[in-house]
Amino acid sequence: MRITSNFLGLSLKREIFKDLFECLKKYLKENDLEEIIEIQNFLSLHISVYYFGKVITARNLEKIKIDLIKLNKKENSFPVYIDQFNFFERKGFKYLGYLYPSKDKFLEKVNFILKQHYVSEVADNEYSKYIPHITLFKIKDPKFPQKHIDYIVSIIDKYLKQTKEKDVFQQFNLYSVDSNYSPEKQEVVL
C-alpha cells in the first residue's frame, strides 16, 4: 500500500450495513450501473473525524496514540445512530451519497478538539462546517438518470427505517489511505 494520506476516524459495526450494501450491489448489477456508481469499500466503513497528510511526524504519532487511548475509554464512548441520507454536490450535480447521524453532536465536538490539538496539514480540515458522514457511494457520471437515484434512495430509506436505532459505534482508529485505487484503499493502522 502506497500511503497518500491518513485520518483519524470512527470505525463502525459493519454487520449493521451488510444488508444495505448487498441490496445496492444487486441493484447496480441488475441495471448495469457498476461502472457509473462506485460503492465504498465495505471493509473500511468509517466516519472520518480529522485528516492528516501523507506523512505523520513521530511527535504527532505519539499524540495520536494518546488521543486514541482517551477516545476509546469506555467512559468516553457514546452511541452513534445513523438515520439520514444525503448527497454532496459539485457544480450542481450529485456526486457522493452519504449516510449521517442527524442528532449526534459528539463527533462534531471531537473534530473541534482535534482541530485545536493538531496543526492542519490538509484542506479537508478547513471546511466551514464538519459533517460527520459515512461515504456510501460515488457517482462517476454527472448525467446519471434520476430514476436510478430515486430507486437507490428508496432502498436506503427502507434500510434507515430498520436500523436508525442501532448504535454503529465501534471504536476510534488511525487509518492510512491509498488513493491510487478506486475505491480508495483505507486500512486501520492504529
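About the thresholds
- Residues numbered from 1 in each chain as written.
- Predicted model: local features only at pLDDT ≥ 70, side-chain atom pairs only at ≥ 80, totals over all residues.
- Heavy atoms only, no water.
- 1 Å grid on protein atoms, 1.4 Å probe; cavity = no way out; pocket = protein on both sides within 12 Å on 5 of 7 lines; lining within 4 Å.
- Points joined across faces, edges and corners; volume = space filled by probe spheres on them.
- Helix = DSSP H or I, 4+ residues; strand = E, 2+ residues; numbered from the N terminus.
- Nonpolar A, V, L, I, M, F, W, Y, C, P; charged D, E, K, R; others polar.
- Pairing = 2+ DSSP bridges.
- Axes fitted to C-alpha atoms, helices over the stretch in contact; angles between N-to-C directions.
- Contact = heavy atoms within 4.5 Å.

Caption draft 1: Structural view of the layout of surface pockets. Space inside the largest pocket adds up to approximately 920 Å³. For the largest pocket, the lining is made up of 34 residues, of which Y51, D124, Y127, H133 and T135 are closest to its centre. When residues of the lining of the largest pocket are traced back to their parent elements, those giving at least two are β1 (5–12), β2 (37–39), β3 (46–52), β4 (84–90), β5 (93–100), α3 (106–117) and β6 (134–139). Ranked by the residues each element gives to the lining of the largest pocket, the list is headed by β3, at six residues. For the lining of the largest pocket, the class distribution of residues is 15 nonpolar, twelve polar and seven charged.

Caption draft 2: Spotlight on the sheet that holds β4. One open sheet holds the four strands; their spatial order is β2-β6-β5-β4, and the pairing between them is antiparallel. Where the open sheet ends on each side, the last strands, each with one partner, are β2 and β4. The sheet shows a mean angle of 25° between the axes of neighbouring strands, taken without regard to direction. Relative to β5, β4 is paired through seven bridges, and the arrangement is antiparallel. Its bridge partner being in β5, E89 is matched across the sheet by K94.

Caption draft 3: Molecular detail of the sheet that holds strand β8 (residues 185–188). Judged by pairing direction, the sheet is antiparallel, and its four strands sit side by side in the order β3-β1-β7-β8 without closing on themselves. Strands at the two margins of the open sheet, each flanked by one partner only, are β3 and β8. Direction aside, neighbouring strands of the sheet carry axes that sit 35° apart on average. Where strand β7 (residues 169–178) and β8 come together, four bridges link them in antiparallel fashion. Bridge pairing in β8 places Y175 opposite V188. Across the sheet, α3 is in contact with β1, β3 and β7; its angle to β3 comes to roughly 15°.

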